[in-house]
Amino acid sequence: MENFDMALVDWSRAQFGLTAMYHWIFVPLTLGLSFIIAIMMSIYVRTGDELWKKITKFWMTLFGINFAIGVATGIILEFEFGTNWSNYSWFVGDIFGAPLAIEGILAFFLESTFIAILFFGWGRVSKKFHLVSAWLVAIGSNLSALWILVANAWMQNPVGMTFNPDTARNEMTNFWDVLLSPTAVNKFLHTITSAYVLSAIFVIGISAWFILKKRRIIFAKRSMLIGAVFGLLSTLFMLMTGDESARQVFRDQPMKFAAMEGLYDGEANAPLVVIGFMQKKPTSENPKNADFAFKLEIPNLLSYMAALDPNAFVPGIHDLIRGNEEYGIISYYEKINMGKIAITALSNYKEAKENGDKALASIELQKFRDNYKYFGYGYYNDPYNMVPNVPLTFYAFHTMVGIGVLFLLVFIFVIYFLFKKDIVRARWLNYIALWSIPLAYIASQAGWMVAEFGRQPWVVQDLMPTLSAVSNIDHKSVIITFVIFAITFTTLLIAEIKIMLTQIVKHSKIEED
Amino acid sequence: MYICYTFAKCPALSISMNIFRKILQFYIDGFRDMKVGKKLWLIILIKLFIMFAILKVFFFPNFLQTNFDTDEERGDYVLEQITKTNKEE
């Protein structure tokens, strides 16, 4: 690590991780609750039932609290791009510019204009215009998410661009390739549906608390019904998009896929680990090696999940590093060589151009272009340093999937008890619904951990690792801002929870309608 | 060309002003009637102040913007950074 301050890399990653994770505490509830409110308001406008108006207003209050506390927390991430990740920002600038500008102009203004009408419009604008505003707030907030997720998807699977060796920037060659890449489409759909599920759990969990306290039962049951139906549909869609995401990761980020399953040695007819416990088992080749102390598997399912073929070969970490001729897998060693050729060629190209040697510049440029695909590998000598944290990725993935499946059952049970039984008497189910709220946040964060820890060491897949993306600044300044963020965001989170709980308790004391 | 000097003589301008006044009144009434919202707006303002007046100014200068004058210099610098080999070992 002679050329690089790894403390700076680690602190910059920790700081970005902290702010991104806190930001993501606020965002999913906004994305999902906005649609739930729009649905509730639609029922009110259609039926004229005053209770639906009260229900809508109550959830709007909680939405408003979450929106107010969470708004602009994402701007911190943009500060960090400019200060801590300047190499990366420059490298990707033209690709990120377009989606983020569209987000700023279109989605933000749509959202912020109509949110005022949504909150101030009761009795001041027509019911229909008010309802349209509610739907536009929901669509606007989800459009905001689209653009940032497109940018993230590009980092996981960079397409639609070409690298300009004269400016050291990637330039967009096809906007639609970036916007409609399968990774972007799937990431957007999977992320927003997971946000809908979280919001649905939030609604049924708080409604369950009302029922447990025997307060505002009809109010709570109606809220629960909307939450559970919305949540069930969202969960089904989330499982479908998750399934498709797995195949995409298998194709485009096979190392992440192997880490998600803790698969070191690839195999045909690969089983899916349902539950497993990993322990460290260092080898001379890989000191970070881990293996299962215990695992419960379903035969062939991983092969089917990856390639829709129960007999398909799924490469493990060792196959990717050592290569596997039989299955056409290029080894990390070869990729490292090609990466080094690309880096050297880029440097030589620049030098030849400065010296006015056009012939040499042309040769070096061609060499660079031929090997650019593996540019990022050239920073490494030991391929095992390009393996993500396997136990962390494995546990995060299985936590996310396990909780997602649990929610499917929760929604089904809630709907069943609402229609066929008395949910008020099913205290166990109400307790499960209530305690599902923190689980939803854990699953949501775990999902991002899979996406972001699993793709390490890449900031831009195969092209730029984190260690070459950071700015050359003093790591002590990063530690200071890390602490400031930790304090600020924790304060905001405490404020949100406190204000929300106050409002929930206050509403629970209102007499039944 | 007809030029409006007063609202009374210019119906289009008068209508626009009325719409503007209505929108303004809508926001004023909305803010006045807020309950929880007042506390939330206070939090938003404090948060934005911390972000833009403290963090952005003192802790988050744009590294390339502040250290280099032209895009060419910035490009050259980044190119130099990303072509440093043997970063890992």
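Residues numbered from 1 in each chain as written. Chains lettered and ligands numbered in written order. Predicted model: local features only at pLDDT ≥ 70, side-chain atom pairs only at ≥ 80, totals over all residues. Heavy atoms only, no water.

A.B. asks: With reference to specific residues and values, describe the overall build of chain B.
C.D. replies: The helix and strand tally for chain B stands at four helices and zero strands. Taken from the N to the C terminus, the helices and strands of chain B come in the order α-α-α-α. In chain B, which comprises 89 residues, the share counted as buried stands at 30%. Element-wise, carbon and sulfur atoms account for 66% of the exposed surface of chain B, whose accessible area totals about 6300 Å². (Helix = DSSP H or I, 4+ residues; strand = E, 2+ residues; numbered from the N terminus. Buried < 20%, exposed > 50% of the residue type's maximum accessible area, 1.4 Å probe, protein only. Areas by Shrake-Rupley, 256 points an atom, 1.4 Å probe, with all protein chains shown as cover.)

A.B. asks: Provide a residue-level description of the overall build of chain A, including the pertinent values.
C.D. replies: A count of helical and extended segments in chain A gives 17 helices and eight strands. Relative to a compact globule of 513 residues, whose C-alpha radius of gyration would be 24 Å, chain A shows 25 Å and is just as compact. In terms of principal-axis extent, the alpha carbons of chain A reach across some 80 × 50 × 40 Å. A total of 513 residues make up chain A; the buried ones form 56% of that total. Sequence separation of at least 24 residues holds for 79% of the intrachain contacts in chain A that already meet a minimum separation of 6. A total accessible area of about 21000 Å² is found for chain A, and carbon and sulfur atoms account for 64% of it. Of the charged side chains in chain A, 41 are positive and 41 negative; the average position of the first set lies 15 Å away from that of the second. (Rg over C-alpha atoms; globule rule 2.2 N^0.38 Å. Contact = heavy atoms within 4.5 Å. Lys, Arg positive; Asp, Glu negative; His and termini not counted. Charge placed at Lys NZ, Arg CZ, Asp CG, Glu CD.)

A.B. asks: An account of helix 17 (residues 475-508) of chain A is requested, with residue identities and associated values reported.
C.D. replies: For helix 17 of chain A, which comprises 34 residues, the first-to-last C-alpha distance of 49 Å matches the rise-based estimate of 50 Å (1.5 Å per residue) to within 8%. For helix 17 of chain A, the N-terminal cap is A:D474; the gap from its side-chain oxygen to the backbone nitrogen of A:K476 is 3.1 Å. (Expected span 1.5 Å × (residues − 1). Polar contact = N/O pair within 3.5 Å; in protein donor to acceptor, adjacent residues only side chain to side chain.)

A.B. asks: Explain the packing of helix 7 (residues 182-212) of chain A against helix 15 (residues 427-453) of chain A residue by residue, including any values.
C.D. replies: Residue and element names in this part refer to chain A. Viewed as axis vectors pointing N to C, helix 7 and helix 15 meet at an angle of 155 degrees, and their least axial separation amounts to 8 Å. With respect to helix 15, the element helix 7 is oriented roughly antiparallel. For the element pair helix 7 and helix 15, the recorded crossing hand is left-handed. Seen from helix 7, the contacting residues are K187, T191, L198, I201, F202, I204, G205, I206, A208, W209, I211 and L212; seen from helix 15, they are R427, N430, Y431, A433, L434, S436, I437, A440, Y441, S444, W448 and A451. The class makeup of the residues in the contact of helix 7 with helix 15 is 17 nonpolar, five polar and two charged. (Axes fitted to C-alpha atoms, helices over the stretch in contact; angles between N-to-C directions. Parallel < 35°, antiparallel > 145°, perpendicular 65-115°, else oblique. Left-handed = near helix turned anticlockwise from the far one by under 90°. Nonpolar A, V, L, I, M, F, W, Y, C, P; charged D, E, K, R; others polar.)

A.B. asks: Can you explain the interface of chain B and chain A? Please cite residues and give values.
C.D. replies: Every contact between the two is made by 40 residues of chain B and, on the other side, 61 residues of chain A. Inspection of the region where chain B meets chain A yields two salt bridges. Across the pair A:R124 and B:D33 runs a salt bridge whose closest N-O atoms are separated by 2.3 Å. Counting the contacts that link chain B with chain A gives eight residue pairs in polar contact (both at pLDDT 80 or more). Those elements that place two or more of their residues in the side of chain B that touches chain A are helix 1 (11-32), helix 2 (36-59), helix 3 (63-67) and helix 4 (71-82) of chain B. (Salt bridge = Lys/Arg side-chain N within 4 Å of Asp/Glu carboxyl O.)

A.B. asks: An account of the layout of surface pockets is requested, with residue identities and associated values reported.
C.D. replies: Residues and elements named next belong to chain A. Of the pockets and cavities examined, the second largest pocket occupies roughly 980 Å³. Lining the second largest pocket we find 44 residues, and of these H190, G242, F397, M400 and V401 sit closest to its centre. Counting only elements with at least two residues in the lining of the second largest pocket, the list comes to helix 7, helix 8 (217-252), helix 9 (254-261), strand 4 (272-280), helix 14 (390-419) and helix 15. Sorting elements by how many residues they give to the lining of the second largest pocket places helix 8 first, with nine residues. Here the lining of the second largest pocket spans two domains, and each of domain 1 (6-235 + 423-508) and domain 2 (254-387) adds at least three residues to it. (1 Å grid on protein atoms, 1.4 Å probe; cavity = no way out; pocket = protein on both sides within 12 Å on 5 of 7 lines; lining within 4 Å. Points joined across faces, edges and corners; volume = space filled by probe spheres on them. Domains from an automatic or database assignment.)

A.B. asks: Give a description of the confidence of the model for chain A that names residues and reports values.
C.D. replies: With 97% of its residues at a pLDDT of at least 70, chain A reaches an overall mean of 92. Within chain A, the lowest mean pLDDT, 79, falls on helix 4 (residues 86-120) of chain A, and the highest, 97, falls on helix 7 of chain A. (pLDDT = per-residue confidence, 0-100.)

A.B. asks: Quick one: what's the story with helix 9 of chain A, residue by residue and with numbers?
C.D. replies: Residues and elements named next belong to chain A. Most of helix 9 sits out of view: seven of its eight residues are buried. By the burial criterion, the buried members of helix 9 are M255, K256, F257, A258, A259, M260 and E261. Positive backbone phi, approximately 60 degrees, marks G262, located one or two places after helix 9.

A.B. asks: Can you break down the environment of A:T235 residue by residue, with the values?
C.D. replies: Residues and elements named next belong to chain A. Examined against the element boundaries, T235 turns out to sit in helix 8. We classify T235 as buried; its relative accessible area is 0%. Put simply, T235 and V197 are 38 residues apart on the chain and 6.1 Å apart in space, counted from C-alpha to C-alpha. Not counting residues within four places of it along the chain, the set of residues in contact with T235 comprises V197, G404, L408 and F411.

A.B. asks: I'd like to hear about the packing of aromatic side chains, residue by residue, with values.
C.D. replies: Applying the stated criterion to the full structure yields 49 aromatic pairs over all chains. Seen from their ring centres, A:F58 and A:F219 are 5.4 Å apart, and the 70 degrees between their planes marks the pair as edge-to-face. With A:F58 in helix 2 (residues 50-70) and A:F219 in helix 8, the pair connects residues that are 161 residues apart, well separated along the chain. Exposure remark for A:F58: the relative accessible area of 1% places this residue in the buried category. Consider the rings of A:F79 and B:F60, whose centres lie 6.1 Å apart with planes at 35 degrees: the pair is tilted. Here A:F79 is found in helix 3 (residues 75-83), whereas its partner B:F60 is found in the loop between helix 2 and helix 3 on a different chain. The two residues A:F79 and B:F60 agree in class, both being buried. An aromatic cluster of at least three residues, connected via ring pairs, comprises A:Y22, A:F79, A:F485, A:F489, B:F52 and B:F60. (Phe/Tyr/Trp six-rings, centres within 6.5 Å; stacked < 30°, edge-to-face > 60°.)

A.B. asks: Report on the nonpolar core, specifying residues and quantitative values.
C.D. replies: Residue and element names in this part refer to chain A. One finds W59, Y88, F96, F202 and F375 to be the most contacted residues of the largest nonpolar core, which totals 174 residues. Ranked by the residues each element gives to this core, the list is headed by helix 1 (residues 6-47), at 18 residues. Summarising the domain contributions, this core has at least three residues from each of domain 1 (6-235 + 423-508) and domain 2 (254-387). Other than its neighbours up to four places away in sequence, W59 contacts L33, I37, M40, F202, V203, I206, S207 and S223. With 16 residues, the next largest nonpolar core counts M305, A306, A396 and A446 among its residues. (Core = buried A, V, L, I, M, F, W, Y, C linked by side-chain atoms within 4.5 Å.)

A.B. asks: Please give an account of the pattern of salt bridges that cites residues and values.
C.D. replies: The final tally for this structure, using the stated rule, is twelve salt bridges over all chains. The residue A:K367 makes a salt bridge to A:E364 at a minimum N-O spacing of 3.6 Å. Remark: A:E364 and A:K367 occur in helix 13 (residues 358-371); sequence separation between them is three residues, near one turn of the helix. Residue B:D29 is joined to B:R32 by a salt bridge in which the shortest nitrogen-to-oxygen separation is 3.3 Å. Of the two residues, B:D29 and B:R32 both sit in helix 1, three residues apart, roughly one turn of that helix. Here the residues in one salt-bridge network are A:D243, A:E244, A:R247 and A:R251, joined through shared partners.

A.B. asks: Before we move on, could you go through the confidence of the model for chain B and cite the residues and values that matter?
C.D. replies: All names here are of chain B. Looking at chain B as a whole, the pLDDT averages 81, with 84% of positions reaching at least 70. When pLDDT is averaged over each element of chain B, helix 4 comes out on top at 92 and helix 1 at the bottom at 80. Interface scoring of the predicted complex returns ipTM 0.83; its pTM is 0.91.

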